[in-house]
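As a plain string of letters, each chain reads:
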2 protein chains.
Amino acid sequence: MADKRQLGGAVTAESEPEAKRTKTESENRREDGEDFDREHVLSGFKTSSVLSDSAREKSIFIHGKVADQDAVVILEKTPIREDALAELFSGSTLKLEMRNDIYSTYRLQAPPHLNEIKTTVVCPATEKHVKKYQRKESFLVEETEEDYKNITLPYIQKQSFSVQWVYNILEKKAEAERIVYEDPDPDAGFVLLPDFKWDQNQVDDLYLIAIVHQSNIKSLRDLTSEHILLLQNIFQKGKEAIFQRYNLPATKLRVYLHYQPSYYHLHVHFTNLGYKVPGCGVERAHLITDVIQNLQSDPHYYKTRTLYFPLTADDGLLSKFKEAGRL
Amino acid sequence: MADKRQLGGAVTAESEPEAKRTKTESENRREDGEDFDREHVLSGFKTSSVLSDSAREKSIFIHGKVADQDAVVILEKTPIREDALAELFSGSTLKLEMRNDIYSTYRLQAPPHLNEIKTTVVCPATEKHVKKYQRKESFLVEETEEDYKNITLPYIQKQSFSVQWVYNILEKKAEAERIVYEDPDPDAGFVLLPDFKWDQNQVDDLYLIAIVHQSNIKSLRDLTSEHILLLQNIFQKGKEAIFQRYNLPATKLRVYLHYQPSYYHLHVHFTNLGYKVPGCGVERAHLITDVIQNLQSDPHYYKTRTLYFPLTADDGLLSKFKEAGRL
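What counts and what doesn't
Residues numbered from 1 in each chain as written. Chains lettered and ligands numbered in written order. Predicted model: local features only at pLDDT ≥ 70, side-chain atom pairs only at ≥ 80, totals over all residues. Heavy atoms only, no water. Pairing = 2+ DSSP bridges. Helix = DSSP H or I, 4+ residues; strand = E, 2+ residues; numbered from the N terminus. Axes fitted to C-alpha atoms, helices over the stretch in contact; angles between N-to-C directions. Contact = heavy atoms within 4.5 Å. Buried area = accessible area lost by both parts, 1.4 Å probe. Salt bridge = Lys/Arg side-chain N within 4 Å of Asp/Glu carboxyl O. Polar contact = N/O pair within 3.5 Å; in protein donor to acceptor, adjacent residues only side chain to side chain. Nonpolar A, V, L, I, M, F, W, Y, C, P; charged D, E, K, R; others polar. Buried < 20%, exposed > 50% of the residue type's maximum accessible area, 1.4 Å probe, protein only. Left-handed = near helix turned anticlockwise from the far one by under 90°.

Another point: the sheet that holds strand S12 (residues 267-272) of chain B. Residue and element names in this part refer to chain B. With antiparallel pairing, 6 strands are arranged side by side in an open sheet as S8-S9-S10-S12-S11-S13. Every interior strand has two partners, whereas the edge strands, strand S8 (181-183) and strand S13 (285-287), have only one. Between one strand axis and the next, the sheet turns by 25 degrees as a mean value, whatever way the strands run. In the sheet, strand S11 (residues 253-258) pairs with S13 via 3 bridges, with the strands oriented antiparallel. Its bridge partner lying in S13, His258 is registered against Ala285. Packed onto the sheet, helix H8 (residues 228-246) meets S8, strand S9 (190-194), strand S10 (207-212), S11 and S12 and runs at close to 40 degrees relative to S9. Lying over the sheet, helix H9 (residues 288-297) contacts S11, S12 and S13, oriented at roughly 65 degrees with respect to S13.

So, in structure tokens, the structure goes:
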């Protein structure tokens, strides 16, 4: 169910380039002998259609076939790294395009290892994967307390989205080596690890997720004053752990929850304030500091408040709001 | 004073990558014999500093020297082109990073001619060029009720930022022809007009501003339950006017206030929900629907609450927070 996580960023495919996982050497080596084949797994890839792309982000989402199996391939160019500049300048060739006064433009051809393209393959891919990466229109939904009880909650419960992958992380059955920090306390504790969307090569686009150990908090809607200590603990220790590991101070962090979230097990996003990451928009994000203050002044703030959030055209929850005449 | 308004949008170079000029063959040929040198013009480039970069947009702005001359070099990776995919897949090698179930990730190394980097050189560059491309670093500031009274309010009052241009609009001395809608009521009324950042050619990036007729409301901080009717009026009539003029329904709108605002005369932003406009991030934007609800449940919500917002390194208000030991 890792796919649910990747929804974490944003709503449209454009604004949510696929996450790259970090190196896990043990996994890489697990299936010896296949690595060579894997090096050429895409050489026979047949494109059926481009699901979406972003000229701004230099990414593309493609549906096609790998040896008769449906696949989704996501390509995204990598950020330009300062520490590679010297080698880039000395090792590249330039094709002059235009020169005018003090301005000139070139096409720079770089050594391939300095200009990699992050590639994610989902194979075999289901219809659901294909739909997920298709560019989609969004609508702002208004959800009252009653809407939540009558529409959203029944929908979440009926879908019973699996969060097995979350339990795998919390129980160290998966991704244990990726954990940046853990507070093991069953009530106030959490696990902090890099989001799939962050390649960890530079702090510019730093993105970590804190996943709480408590397993009965679905989302912001479930939070009451009982959870203030939990939230304060995540905020405080998360900031400290990030400063220690990445040297990024709290004044450079945007710390927030999503509503609706991508998966219904409470988690908190830590992103670099300077990085305009998808999903940080006011229509979906809630600063943890605001959440804490709101719960301090009204224990049932998030139970009773009308909340607004965007849903994409193909979201099952949107259909439910439409059926109920709420859109 | 139009410059104050433009601060409303993007401040950093990130959101405004340098335009690429098109080929002008005649210019290319003008100085024969130099083209070979030009191919290696950057091989001796010495980086002095990175002025700014964008992990999302895969661009970087560098200050340095080309043969003793000051230069600014801008690199930006190129969008992935659909028509080059087949050649890209057949001609690249993949390095496996991670495999888990149906997901695998790779680093793809492409033939250089299929993966070019757009390069712009400004040489010789002046101090002005260097400043233009410099990122203004942002810091998240925490402003308590006391901080507002002791630091922010005195700063605003001392600066006495001119909002004469706002009065010109409200009094129809300027931009009268740009007004999309007006409610002339002195208490609940406002003027709705397109933001300067919107060229009005397409609704994809629709951006309008509602400026209130009341002249004594500086910002969100001044709002109390007395202003609920004003806010509801702006929200309701603004939505209607936008639907009538641009055929964009309310479910496609993000309606919010900024804190800190760019100018201290209350105004409300209406933007297309699908447009990830600078300034719509949770760290600066406040949904008008949230503001209304918060004032309904607590008349002094915004007077008493600790508010968080980003300030750039060169902002005078940031210096005041630093002097007060609040950063």
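That shown, we press on.
Now for the interface of chain B and chain A. Contacts between the two partners involve 98 residues from chain B and, on the opposite side, 106 residues from chain A. The contact between chain B and chain A buries some 10200 Å² in all, and 54% of this surface belongs to carbon and sulfur atoms. At the boundary of chain B and chain A, one finds 11 salt bridges. The tally of links between chain B and chain A comes to 44 residue pairs in polar contact (both at pLDDT 80 or more). Broken down by element, the residue count for the side of chain B that touches chain A peaks at 8 residues, all from strand S4 (residues 93-100) of chain B. For the side of chain B that touches chain A, a count of residues per class yields 40 nonpolar, 28 polar and 30 charged.

Moving on: the pairing of strand S6 (residues 117-122) of chain A. Regular strands place their side chains on alternate faces of the sheet. Among the 6 residues that make up S6 of chain A, 6 are buried, leaving the element largely enclosed by the rest of the structure. In S6 of chain A, alternate side chains face the same way, and those of Ile117, Thr119 and Val121 of chain A on one face and Lys118, Thr120 and Val122 of chain A on the other are all buried. Pairing of strand S3 (residues 69-77) of chain A with S6 of chain A involves 6 bridges; the strand directions are antiparallel. The residue bridging Ile74 of chain A from the neighbouring strand is Thr120 of chain A, located in S6 of chain A. In this sheet, strand S5 (residues 103-109) of chain B lies alongside S6 of chain A in antiparallel orientation, the contact comprising 6 bridges.

The next subject is the side chain of Glu175 of chain A. Residue placement: Glu175 of chain A occurs in the loop between helix H7 (164-170) and strand S8 (181-183). At a separation of 2.6 Å, a polar atom in the side chain of Glu175 of chain A contacts the side chain of Arg178 of chain A.

Residue and element names in this part refer to chain B. Mapping Ile217 onto the fold places it in the loop between S10 and H8. Residue classification places Ile217 among the buried positions, given a relative accessible area of 1%. Between the C-alpha atom of Ile217 and that of His267, which follows or precedes it by 50 residues, the distance is 9.3 Å. Not counting residues within four places of it along the chain, the set of residues in contact with Ile217 comprises Asp222, Leu223, His227, Leu230, Tyr264, His265 and Leu266.

It is worth spelling out the sheet that holds strand S6 (residues 117-122) of chain B at this point. The strand order across the open sheet built from 6 strands is S4(A)-S5(A)-S6(B)-S3(B)-S2(B)-S1(B), with neighbouring strands paired in antiparallel fashion. In the strand order of this sheet, the two ends are held by strand S4 (93-100) of chain A together with strand S1 (46-54) of chain B, each with one partner. Going from strand to strand, the sheet's axes swing by 20 degrees on average, the running direction of each strand aside. In this sheet, strand S3 (residues 69-77) of chain B lies alongside strand S2 (residues 59-66) of chain B in antiparallel orientation, the contact comprising 8 bridges. Across the sheet, the residue bridging to Ser59 of chain B is Glu76 of chain B, located in S3 of chain B.

Okay, the packing of helix H6 (residues 145-159) of chain A against helix H11 (residues 316-323) of chain A next. Residue and element names in this part refer to chain A. Where H6 meets H11, the closest approach of the two axes is 10 Å, and the angle between their N-to-C directions is 145 degrees. The element H6 and its partner H11 pack so that their crossing is right-handed. Contacts between H6 and H11 pair Asp147, Ile151, Thr152 and Tyr155 from the former with Gly316, Leu317, Lys320 and Phe321 from the latter.

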